[in-house]
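# Chains, contacts and geometry: an overview
Each chain, written out:
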Amino acid sequence: EKEIIGREAVAAKRKQYFYPCTQHFYRNSPQLVRGSMQHVYDENGKKYTDFFAGVSVVACGHCNPAITERTIHQLQQLQHTTTIYLTQPNVDLAERLEKVLPGELRRTFFVNSGSEANEGAMLLARLHTGRKGFIALESGLHGRTNLTMSVTGLSMWRTDKYLDEDVTFIRRPYDPELTPAQAAERSLEDLKKVLEEKGDTIAAMIAEPIQGNGGMILPELSYFRSVKTLLDQYGVLLIADEIQTGFGRTGAMFAMEHFGVVPDIITMAKALGNGVPVAAFATNDDIARSLNTPSASTFGGNPVSAATALAVLDYIEAERLPERAERLGAKLREGLLDLQRSYPGTIADVRGAGLMLGAELRAGGAAENAALTDEVLEEMKDRGYLIGKNGVGRNVLAFQPPLVITEEDIGGLLQALAGTLARILAGAAPSADV
Ligand code: PMP
């Protein structure tokens, strides 16, 4: 086995060989060397309970043997071919997805990442409608290829100066100053206006059912039904980006189920492979026929990724992870709301669904809010809990753990968070024993 080099050496190599833009969350980032279900361990054997799951990826737990055994078995049987040959794992996976996908969505195209799935879905929408434009939501995130970045509404992720200009953003169905119903109504008014103006030039609207990086934005439950009705009037497709929300996290297999809406295309990635790259976009028979260009992905649907995703779906079903996410999510939400009652000026909002929850922090202006969030993240890490952050102002604590966490883990997290907030707000130095 390769010797583990210390975290300083890893940080130095990263600085020397990666692009300088590489993101950091922590002042002192741990080097993670091992994972087991809801836990990861650093080079010194310190255990962390993971409430971030690599941004919703490791939903079934780190190195879950029920999954990795099947990955390893497939690696030893047949690792790679191209789609010109017949192989069983990818057709089994497509058949399996058809059973969990809503409505008539029964055709699946396999790719490797979320960006690629959205890019494929958007190409499909253009081919199907013969139109070029897109509608997207402010503060949405859809990827880092040119087209997916073009529909991304978070400025920090819009780094290309030459983005596609045929994208119209509408306001998101959330505003701290408005009720959810008012915010949804305002977003729908924006949508109506765009459709009236140029609906016949628009291929699709792309949206996350619950925005992840945008700050855990759960719209009013009638919102997407109204969106779909409007889009249908203009022959504009709805692409649901379920890359972060899919596969049980929000308490349903796909988050669009909460809204009672069947989108025209669903994109998925992240949790589908539980850490192995696999992504896909799915649609109905009619729309699928429009992808008439020769389209093949070298790695899309490879046997190893497909066998892994099959094991993931088996595990989600056997362990009833969507129900678990709903039940444990309610506990976590209750605890966060309790904390909000203790610190009403600091925790401005608690929101999300299932085990995709956010707590927005406030400390003053934008810079103070972001600084407080970073401080909480750092101390929680030192106390043995990995959480995330997101939101337009980077001031929303993100809780999106593996769905296999327990009530005890949630209790521990809440206690650590209470201790962290108490310590920071009292302005005391961190105690040595955290
Ligand atoms: N859509 C959503 C909702 C995402 O959260 C992400 C990644 N954070 C992407 C798309 C892009 O996925 P990937 O990084 O796999 O390309």
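Because the structure is predicted, anything quoted here is derived from the model rather than measured. (Residues numbered from 1 in each chain as written. Predicted model: local features only at pLDDT ≥ 70, side-chain atom pairs only at ≥ 80, totals over all residues.)

For the rest of this paragraph, the subject is the domain arrangement of the protein chain. Assigned domains within the protein chain: domain 1 (7-63 + 320-426) and domain 2 (65-318). Here the C-alpha centroids of domain 1 and domain 2 sit 25 Å apart. Where the side of domain 1 that touches domain 2 is concerned, the elements lending two or more residues are α2 (53-56), α11 (321-342), β11 (347-353), β12 (356-361) and β15 (396-399). In terms of residue count, the dominant contributor to the side of domain 1 that touches domain 2 is α11 (5 residues). (Domains from an automatic or database assignment. Helix = DSSP H or I, 4+ residues; strand = E, 2+ residues; numbered from the N terminus.)

Turning our eyes to something else, we now look at the site of the ligand. Residues in contact with the ligand amount to 15 residues; listed here are only the nearest, Ser-113, Gly-114, Ser-115, Ile-243 and Gln-244. Counting residues per element, the shell around the ligand draws most heavily on helix α5 (residues 114-129), at 3 residues. (Near = placed C-beta within 6 Å.)

Residue Ser-56 is not a glycine yet carries a positive backbone phi of 70 degrees. Here Ser-56 falls in the buried class, since 26 other C-beta atoms lie within 10 Å of it. Here Lys-270, not a glycine, exhibits a phi torsion of approximately 30 degrees, which is positive. Residue placement: Lys-270 occurs in the loop between β9 (265-268) and β10 (279-283). (Buried ≥ 20, exposed ≤ 12 C-beta atoms within 10 Å, placed from the backbone.)

Next up on the list: the sheet that holds strand β13 (residues 385-386). Through backbone hydrogen bonds, the strands of a sheet pair up, either in parallel or in antiparallel fashion. Taken together, 4 strands build an open sheet; the order of strands is β1-β2-β3-β13 and the sheet is mixed. Each end of this open sheet is capped by a strand with a single partner; those strands are β1 (32-36) and β13. Sheet topology places strand β2 (residues 39-42) next to strand β3 (residues 47-50); 3 bridges connect them, and they run antiparallel. Considered in β3, the bridge of Tyr-41 is made with Lys-47. (Pairing = 2+ DSSP bridges.)

We now examine the environment of Leu-386. When you line up the elements, Leu-386 lands in strand β13. Remark: the alpha-carbon pair of Leu-386 and Thr-49, spanning 337 residues in sequence, is separated by 6.3 Å. Leaving out residues up to four positions away in the same chain, Leu-386 has contacts with Tyr-48, Asp-50, Phe-51, Phe-52 and Lys-381. (Contact = placed C-beta atoms within 7 Å.)

What follows deals with the packing of helix α7 (residues 180-198) against helix α8 (residues 223-233). At a closest axis distance of 10 Å, the pairing of α7 and α8 adopts a crossing angle of 10 degrees. In terms of orientation, α7 and α8 fall into the roughly parallel class. Along its contact with α7, which presents Ala-184, Leu-188, Leu-191, Lys-192 and Leu-195, the element α8 presents Tyr-223, Ser-226, Val-227 and Leu-230. Here the contact of α7 with α8 is built from residues that sort into 7 nonpolar, 1 polar and 1 charged. (Axes fitted to C-alpha atoms, helices over the stretch in contact; angles between N-to-C directions. Parallel < 35°, antiparallel > 145°, perpendicular 65-115°, else oblique. Nonpolar A, V, L, I, M, F, W, Y, C, P; charged D, E, K, R; others polar.)

This part covers the confidence of the model for the protein chain. Predicted confidence across the protein chain gives a mean pLDDT of 96, with 99% of residues reaching 70 or more. Reported confidences for the modelled complex are a pTM of 0.97 and an ipTM of 0.99. (pLDDT = per-residue confidence, 0-100.)

Read from one edge to the other, the open sheet built from 4 strands follows the order β11-β12-β15-β14, with strand pairing classed as antiparallel. Edge positions in the sheet fall to β11 and β14 (388-390), since each has one partner strand and no second. Averaged over all pairs of adjacent strands, the angle between their axes in this sheet comes to 25 degrees, without regard to strand direction. For β14 and β15, the ladder comprises 3 bridges, and the chain directions are antiparallel.

The next subject is the UniProt feature "coiled-coil region" (unreviewed entry) in the protein chain. Following the UniProt record, the feature "coiled-coil region" (unreviewed entry) maps to residues 181-208 here. Across residues 181-208 one finds 64% helix and 21% strand; the C-alpha atoms that close the span lie 18 Å apart. (UniProt positions renumbered as here; feature names shortened; annotations may be inferred.)

A word on the pairing of strand β6 (residues 167-170). Burial of the side chains of β6 is restricted to one face: Thr-168 and Ile-170 are buried, whereas none of Val-167 and Phe-169 on the reverse face is. Bridging between strand β5 (residues 133-137) and β6 involves 4 bridges; their strand directions are parallel. Following the sheet pairing, Ile-135 is matched in β6 by Thr-168.

Counting the residues between successive antiparallel strands, the hairpin from β2 to β3 contains 4 residues, one of them, Gly-45, with a positive phi of roughly 85 degrees. When β3 meets β13, the two strands line up parallel, connected through 2 bridges. Across the sheet, residue Thr-49 finds its bridge partner in β13, namely Tyr-385.

Tracing the sequence through the fold places Gln-233 in helix α8. Through-space distance from the C-alpha of Gln-233 to that of Ala-363 is 45 Å; in sequence the pair is 130 residues apart.

A few words on the nonpolar core. Most often, soluble globular proteins keep nonpolar side chains buried together rather than apart. Counting residues in each nonpolar core, the largest one holds 116 residues, and the members touching the most others are Ala-204, Ile-239, Ile-265 and Ile-387. By residue number, the principal contributor to this core is helix α10 (residues 303-318), which donates 10 residues. No fewer than three residues from each of domain 1 (7-63 + 320-426) and domain 2 (65-318) sit in this core. Ignoring sequence-local partners within four residues, the contact set of Ile-265 consists of Ala-121, Leu-124, Ala-125, Leu-237, Ile-239, Phe-281, Ala-282, Thr-283 and Ile-287. (Core = buried A, V, L, I, M, F, W, Y, C linked by C-beta atoms within 7 Å.)

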